[in-house]
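Residue-level structural notes
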Amino acid sequence: DVKVTQSSRYLVKRTGEKVFLECVQDMDHENMFWYRQDPGLGLRLIYFSYDVKMKEKGDIPEGYSVSREKKERFSLILESASTNQTSMYLCASSPTGNTEAFFGQGTRLTVV
Amino acid sequence: QKEVEQNSGPLSVPEGAIASLNCTYSDRGSQSFFWYRQYSGKSPELIMSIYSNGDKEDGRFTAQLNKASQYVSLLIRDSQPSDSATYLCAVNKESNYQLIWGAGTKLIIKP
């Protein structure tokens, strides 16, 4: 089975802090994605990566950056956390662009 | 027009009946279509994938695809209370690696 693991299930951070969300997949997938999900807004793509050290902006990249130094790991960085970044963050991976995505368990981030 | 559209619901269905969930998409070049189930507070999990016109059955679930009408549906037979969840439709974007997501339909199965 594909396993996508996010480093934290729940996280509480203060405004202005730098926040790192880590995601690891164990199936040698090429593509990895970071989404946020808010009530009424559905899944919104923040960034995705189709190869090591490659990244592409999604629909809402402002306030976020990413890092993919190794194929299995994709990190999301909130440079200076703000309260409007309180959300559920979901990491996903997929073998290719035309195949299904597999999700981690999600990180519920609260910025206070 | 949204790229992938779903009725947000909630859709209420009696236990044991057939639940029918619908999704339309705008990109005619799309090749891959997926249905995910998401329980409250959990991450989406894949239920069905479909790539060619027609029906695909897996247990109580049937996915239906009509590319001419740009329409994909999910039927759940013998609905159970445990099927109560939000169902997300996802369609691949031909031009890149992304999946485009519908906003989801909330399904409630009433005992």
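To be clear, the structure that these remarks concern was listed above.
Residues numbered from 1 in each chain as written. Chains lettered and ligands numbered in written order. Predicted model: local features only at pLDDT ≥ 70, side-chain atom pairs only at ≥ 80, totals over all residues. Heavy atoms only, no water.

Residue and element names in this part refer to chain B. Across five bridges, strand β6 (residues 54–58) lies against strand β7 (residues 61–66) in antiparallel orientation. Within β7, the residue paired with Asp-58 across the bridge is Phe-61. The antiparallel pairing of β6 with β7 creates a hairpin that spans two residues between the two strands, and Gly-59 there sits at a positive phi of about 65 degrees. Inspection of the sheet shows β7 paired to strand β8 (residues 71–76) by six bridges, in the antiparallel sense. Bridging across to β8, Phe-61 finds its partner in Ile-76. Counting the residues between successive antiparallel strands, the hairpin from β7 to β8 contains four residues, one of them, Gln-70, with a positive phi of roughly 55 degrees. (Pairing = 2+ DSSP bridges. Helix = DSSP H or I, 4+ residues; strand = E, 2+ residues; numbered from the N terminus.)

With that settled, the discussion passes to the sheet that holds strand β8 (residues 73–78) of chain A. Residue and element names in this part refer to chain A. Ordered in space as β1-β3-β8-β7, the four strands form an open sheet in which the pairing is antiparallel. Edge strands, defined here as strands with exactly one partner in the open sheet, are β1 (4–6) and β7 (64–70). Strand-to-strand, the axes of this sheet are offset by a mean angle of 20 degrees, without reference to chain direction. Across three bridges, β1 lies against strand β3 (residues 19–25) in antiparallel orientation. Bridged to Thr-5 within β3 is Val-24. (Axes fitted to C-alpha atoms, helices over the stretch in contact; angles between N-to-C directions.)

Time to look at the interface of chain A and chain B. On the side of chain B, 16 residues touch chain A, which itself brings 19 residues to the contact. Carbon and sulfur atoms make up 56% of the area that chain A and chain B hide from each other, which totals about 1,600 Å². At the surface where chain A touches chain B, the tally comes to zero salt bridges. At the junction of chain A with chain B, the criterion picks out six residue pairs in polar contact (both at pLDDT 80 or more). Among the secondary structure elements, those contributing two or more residues to the side of chain A that touches chain B are β4 (31–38), β5 (42–49) and β9 (87–94) of chain A. Here the element with the most residues in the side of chain A that touches chain B is β4(A); it accounts for four residues. Of the residues in the side of chain A that touches chain B, the class split is 10 nonpolar, seven polar and two charged. (Contact = heavy atoms within 4.5 Å. Buried area = accessible area lost by both parts, 1.4 Å probe. Salt bridge = Lys/Arg side-chain N within 4 Å of Asp/Glu carboxyl O. Polar contact = N/O pair within 3.5 Å; in protein donor to acceptor, adjacent residues only side chain to side chain. Nonpolar A, V, L, I, M, F, W, Y, C, P; charged D, E, K, R; others polar.)

Before going further, it helps to spend a moment on the environment of B:Pro10. Residues and elements named next belong to chain B. Topologically, Pro-10 is positioned in the loop between β1 (4–5) and β2 (11–14). Taking the C-alpha atoms as reference points, Pro-10 and Ile-108, 98 residues apart in sequence, are found 6.8 Å from one another. Contacts of Pro-10, omitting those with residues within four sequence positions, involve Lys-106 and Ile-108.

Residue and element names in this part refer to chain A. Of the two faces of strand β11 (residues 107–111), only the one carrying Thr-107, Leu-109 and Val-111 is buried; Arg-108 and Thr-110 on the other face are not. With four bridges connecting them, strand β2 (residues 10–13) and β11 associate as parallel partners. Bridge assignment links Leu-11 to a residue of β11, and that residue is Leu-109. As defined by bridge partners, β9 adjoins β11 across three bridges and the pair is classed as antiparallel. Following the sheet pairing, Ser-87 is matched in β11 by Leu-109. (Buried < 20%, exposed > 50% of the residue type's maximum accessible area, 1.4 Å probe, protein only.)

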